[in-house]
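A closer look at the structure
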Amino acid sequence: AGQATLASASPVVVTAGQSTTANAAMAAVTLITGTVTDKGTGAPLSGICVYLYAAGGERTADPGVCTLGDGTYALPVAAAGSYNVAFLDPTGTHTTQWWNGVATQSAATAVAVSANQTTPSINAAMAP
């Protein structure tokens, strides 16, 4: 109970024909969330890739995510810290953008992320 890895977990014994209870207390997920829209029309953009970079540095090992049909995304973050968020349209229809509406990482506003919290409203309005 309360272990972070399979190797350290205790087995749960199950007997045929009987119920067994195994409770777990899970920590909240650390996320950055937002919505990506077209700057001209305001329409939500699906399939926009969202990536995480150390503030002023290299891309993190965190996997990127893509926006859903309604333009929303939820980007998991492994650790608390200060990050830059990049928005990339793999079709090339919209220009790459960094949060908060700028073209380069050096001009990007850093996003402060707290452990086990959701950092909402990291939105982008992308220009064609």
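Look a little higher up for the structure.
Let me begin by describing the structure that accompanies this report. (Residues numbered from 1 in each chain as written. Predicted model: local features only at pLDDT ≥ 70, side-chain atom pairs only at ≥ 80, totals over all residues. Heavy atoms only, no water.)

Focus: the overall build of the chain
Tallying secondary structure elements over the chain gives zero helices and nine strands in all. Scanning the chain from its N terminus toward the C terminus, one meets helices and strands in the order β-β-β-β-β-β-β-β-β. Over its C-alpha atoms the chain spans a radius of gyration of 19 Å, topping by over 25% the 14 Å that the globule rule assigns to 128 residues. A principal-axis box enclosing the C-alpha atoms of the chain has dimensions of 60 × 30 × 20 Å. Taking all 128 residues of the chain together, the buried fraction comes to 31%. When the accessible surface of the chain is split by element, carbon and sulfur atoms take 56% of a total near 7,500 Å². (Helix = DSSP H or I, 4+ residues; strand = E, 2+ residues; numbered from the N terminus. Rg over C-alpha atoms; globule rule 2.2 N^0.38 Å. Buried < 20%, exposed > 50% of the residue type's maximum accessible area, 1.4 Å probe, protein only. Areas by Shrake-Rupley, 256 points an atom, 1.4 Å probe, with all protein chains shown as cover.)

A word on the side chain of glutamine 105
The residue glutamine 105 is located in the loop between β6 (97-98) and β7 (111-113) in this model. Setting aside residues no more than four positions away along its own chain, glutamine 105 makes contact with Tyr53, Ala54, Gly56, Gly57, Asn84 and Trp98. (Contact = heavy atoms within 4.5 Å.)

A look at the nonpolar core
Membership of the largest hydrophobic core comes to 19 residues, with the highest contact counts inside it found for Ile32, Val36, Tyr73, Val85, Phe87 and Ile122. Mapped onto this core, the elements with two or more residues apiece are β1 (31-38), β2 (49-54), β4 (72-76), β5 (81-88), β7 and β9 (124-126). Per-element tally for this core: the top contributor is β5, with three residues. Aside from chain neighbours lying at most four places away, what touches valine 36 is Ala43, Pro44, Leu45, Ile48, Thr67, Gly71, Tyr73, Phe87, Ala124 and Met126. (Core = buried A, V, L, I, M, F, W, Y, C linked by side-chain atoms within 4.5 Å.)

A short note on the packing of aromatic side chains
In total, this model carries two aromatic pairs according to the counting rule given. Ring geometry for tyrosine 73 against phenylalanine 87: centres 6.0 Å apart, planes inclined by 70 degrees, an arrangement best described as edge-to-face. Residue tyrosine 73 is located in strand β4, and its partner phenylalanine 87 is located in strand β5; the two are separated by 14 residues in the primary sequence. The pair tyrosine 73 / phenylalanine 87 is uniform in exposure class, with both members buried. (Phe/Tyr/Trp six-rings, centres within 6.5 Å; stacked < 30°, edge-to-face > 60°.)

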